[in-house]
Number of protein chains: 2
Amino acid sequence: MKTYTTTPKEDGFRMPGEFENHLGTYIIWPERTDNWRLGAKPAQEVFAQVASAIAEHEAVTVAVNEGQYANARHMLPDHVRVVEISNDDAWVRDCGPTCVTDGKEVRGVDWRFNAWGGLVDGLYFPWDKDDALAQKVCELERFNRYRLDHFILEGGSIHTDGDGTLVTTEECLLSEGRNSHLNKEQIEAVLKEYLNVEKIIWLKRGIYLDETNGHVDNIFAFVKPGECLLAWTDDKEDPQYEISRECLEILERETDARGRKLKVHKLHLPKPILITKEESHGVDAVDGTLPRKEGDRLAASYVNFYLCNGGVIYPTFHDENDQRAEETLKECFPDREVTGIYAREILLGGGNIHCITQQIPMV
Amino acid sequence: MKTYTTTPKEDGFRMPGEFENHLGTYIIWPERTDNWRLGAKPAQEVFAQVASAIAEHEAVTVAVNEGQYANARHMLPDHVRVVEISNDDAWVRDCGPTCVTDGKEVRGVDWRFNAWGGLVDGLYFPWDKDDALAQKVCELERFNRYRLDHFILEGGSIHTDGDGTLVTTEECLLSEGRNSHLNKEQIEAVLKEYLNVEKIIWLKRGIYLDETNGHVDNIFAFVKPGECLLAWTDDKEDPQYEISRECLEILERETDARGRKLKVHKLHLPKPILITKEESHGVDAVDGTLPRKEGDRLAASYVNFYLCNGGVIYPTFHDENDQRAEETLKECFPDREVTGIYAREILLGGGNIHCITQQIPMV
């Protein structure tokens, strides 16, 4: 693997939209007992369901720590590939490579990873295995890479339309625990160089109480260039209402890199979901890891879906809006098979289906 | 990855000769300080030289334990791929998959591995990571596999001509620490089913004092069907003389699966090489691992070379026969580039270049 000192923009590489064709998908296998209840067994069942659902559409690789290799291999279907890649937790969206392509070759952008805020407000310590994971995926796939030693980014904090536009949140990218040595313009400059985009749309905040400092991928997603989905509630008493309304105003006001107005679909959120006593008690208490306390509200959102070749895999919550979410997604993606997976066990770990997946683009 | 309950012979798969075209080569990175002196640093230098030399001819993947990933990545050239696959030591010839092909697809034969003799006379304990390595290589390469839960074999204990003939040694395959629940005929039957060969030529013993119980790959190699190399000495005082003479008689007496007489080239051994005091003192003493004692004779042999696409990578010993070995190899392989690597550091660990490589056939 070669590490370039040039940038993707200089080399003519861009980040495709997630809706473009994939070579395959990476997932990391969950195991840490201070984040996943009951020895991670319930989460593993749901991760296996997600892997199986995606594998109906494209090749899936699951990265595991050595100690979980045999268990993962037995819990996953034969046609899902299992490989050893050491990790600190199971969020490949955030620690995996951001793949860029010139249409002939794929390269990985290997951002620095610091567990969503490092020593300021990170969620666990240490995070060195996660930080090395993107490099190892690139190696395994024989991709060359761009490494940014001084820029922290998680894949879940950005969405691109593959056509020059990137959407992110100020809550995350301007957070103290990320790149506080850089101002907004300097951060924009890095994103433009390394993702080859021209226009950055800044939302203010992500989903209420999202522990990632408001990752965009839990509140917003592109359907295709010029068209997007926004997590929404009509409940004005919910703190989420003001957040979503503010996002909507920005999205309706802005134009994208090609000068288009964005068509915004509202994807209605489930009712607030709280951690139960039983769920809280199933998690090991470890100093330095974000605790999972009874009664804490989870950042549940249907927007945290994943687009794979011909498919949409989205989370359900046994909520009355599950059906409405499916209908909205089917309207937005009429050519894709829309599959819901009951994902409370992923949500309990701090994210959802989009957070646990990372696409490798097709060339 | 699918695990078949059929056999390669039933499915029309055969093990190609090493001299046939390769997709690439696997190597495992050395690190255990109870086998490799001075924290394995000198051995790592030589492994890196071997990887680099092979990478001149074909794609090389180096499997490493997590803790050595960064070091291996820095010591190896960019175009050598580094992947995490947990291991107990660095002998992929013996614990890696034996690849079989039908010309369209490659599958792995995943023998059981017990560190050259298990609890009878194995060389270290435990060996569970090594035993799982073949499966992980198959997974990574997206090969399906055949798994033999009740048959112990190391790749270094067999050589095939790809044309129906297999050569092995009684010293190893009939050893008490391998398959003592099976007799010679039963062992032959397994080899014939899983490697799709018709004729097995049994040499008696391998190189004098070879700790692998006389692996064939240190004393014998095929040049091509009908033609082979045999480790040789003219020194009648050397215990090796009688061993090599016995092999020669068998090889001259036997015919191969196609009824051919074998043309045997003698590859003259270096003079006896003994472990020095300094070398012995550089190795950690650990109960249960074969000690490296000052004055012990090493099983040095030029036959422990590796054939890669268009190349022969062979060990040198700073011995007067180095030049003669090169000449013999150039005569045998006129169309290949012959490269010698000073390999005392590999020899000190108990094997040589062939032992640390495993070919993946091209289809």
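In this structure, what is going on with helix H9 (residues 239-253) of chain B? I would like to understand it.
Owing to its 3.6 residues per turn, the α-helix brings residues three or four apart onto one side. All names here are of chain B. Given a rise of 1.5 Å per residue, 15 residues ought to cover 21 Å, and the 22 Å separating the end C-alpha atoms of H9 matches this to within 8%. Among the residues making up H9, those that are buried are Gln240, Tyr241, Ile243, Ser244, Cys247, Leu248, Ile250 and Leu251. Against the buried residues of H9 lie strand E10 (199-203), strand E11 (220-224), strand E12 (227-232), strand E13 (263-268) and strand E15 (297-298). The N-cap residue of H9 is Asp238: its side-chain oxygen and the backbone nitrogen of Gln240 are 2.8 Å apart.

I tried to follow the pairing of strand E18 (residues 337-342) of chain A on my own but got confused; where do I start?
A regular strand places its side chains on the two faces of the sheet in alternate fashion. Residues and elements named next belong to chain A. Inspection of the sheet shows strand E17 (residues 311-316) paired to E18 by six bridges, in the parallel sense. Considered in E18, the bridge of Pro315 is made with Ile341. A crossover links E17 with its parallel partner E18, the connecting element being helix H11 (residues 322-332), and its sense is right-handed.

Looking at this structure, I do not really get the environment of Trp202(A). What am I missing?
Residue and element names in this part refer to chain A. Note that Trp202 resides in strand E10 (residues 199-203). As for Trp202 and Tyr302, which are separated by 100 residues in sequence, their C-alpha atoms are 21 Å apart. Non-local contacts of Trp202, meaning those with residues more than four positions away in its chain, are made with Thr168, Thr169, Glu170, Leu173, Leu174, Lys184, Ile187, Glu188 and Ile250. Reaching out from Trp202, the side chain makes a polar contact with the side chain of Glu188 at a distance of 2.6 Å.

Would you explain the interface of chain B and chain A in this entry?
You'll often see interface size given as the accessible area lost when the parts meet. Opposite the 22 residues of chain B that make contact, chain A presents 22 residues. Both sides together, the interface formed by chain B and chain A hides about 2,000 Å², and carbon and sulfur atoms give 38% of it. For the pair chain B and chain A, the interface holds six salt bridges. Its salt-bridge partner being Glu66(B), residue Lys129(A) comes within 3.9 Å of it at the nearest N-O pair. Between chain B and chain A we count 14 residue pairs in polar contact (both at pLDDT 80 or more) in total. Per-element accounting of the side of chain B that touches chain A gives the leading share, five residues, to helix H6 (residues 128-140) of chain B. Broken down by class, the residue content of the side of chain B that touches chain A amounts to eight nonpolar, four polar and 10 charged.

What is the right way to look at the sheet that holds strand E1 (residues 3-4) of chain B in this model?
By definition, the strands of a sheet pair up through backbone hydrogen bonds, in either a parallel or an antiparallel sense. Residue and element names in this part refer to chain B. Spatial strand order, E1-E7-E6-E5: four strands in an open sheet with mixed pairing. Either end of the sheet is taken by a strand with one partner, and the two such strands are E1 and strand E5 (98-101). Here strand E6 (residues 106-112) pairs with strand E7 (residues 144-152) via five bridges, running parallel. Bridged to Val109 within E7 is Tyr146. Relative to E6, H6 is tilted by about 170°, and along the sheet it contacts E6 and E7. Along the sheet, helix H8 (residues 184-195) makes contact with E5, E6 and E7, crossing E7 at roughly 175°.

Reading the values: the criteria
- In every chain, residue numbers begin from 1 and rise along the written sequence.
- Chain letters and ligand numbers both follow the written order, the letters beginning at A and the numbers at 1.
- Local features in this predicted model are restricted to residues whose pLDDT is 70 or higher, and side-chain atom pairs enter the listing and the counts only when it is 80 or higher, whereas totals over whole chains, interfaces and linings include all residues.
- The side-chain quantities take in all heavy atoms of the structure and omit both hydrogens and water.
- To qualify as a helix, a DSSP run of H or I must reach at least 4 residues; to qualify as a strand, a run of E must reach at least 2; elements of each kind are numbered from the N terminus.
- Multiplying 1.5 Å by the residue count of a helix minus one yields the expected span of that helix.
- Three exposure classes are used, based on accessible area relative to the maximum for each residue type with a 1.4 Å probe and protein chains only: buried under 20%, partly exposed in between, and exposed over 50%.
- Contacts are assigned to residue pairs that have any heavy atoms within 4.5 Å of one another.
- Contacts described as polar in this section are N or O atom pairs within 3.5 Å, which, within protein, must combine one atom able to donate a hydrogen with one able to accept it, while residues neighboring in sequence count only if both atoms come from side chains.
- At least two DSSP bridges between two strands are required for those strands to pair.
- Orient the strands so they point away from the viewer, and a crossover whose first-strand-to-second-strand path over the helix runs clockwise is right-handed.
- As a working definition, buried area equals the accessible area (1.4 Å probe) given up by two parts on being put together, with both sides summed.
- For salt bridges, the criterion is a side-chain nitrogen of Lys or Arg within 4 Å of an Asp or Glu carboxyl oxygen.
- Three classes are used: nonpolar for Ala, Val, Leu, Ile, Met, Phe, Trp, Tyr, Cys and Pro, charged for Asp, Glu, Lys and Arg, and polar for all others, with Gly counted as polar.
- Axis geometry follows a simple rule: fit a line to the C-alpha atoms, using only the stretch in contact for helices, then measure angles between N-to-C directions, giving values from 0 to 180 degrees.

That's the geometry; what it means functionally is another story.
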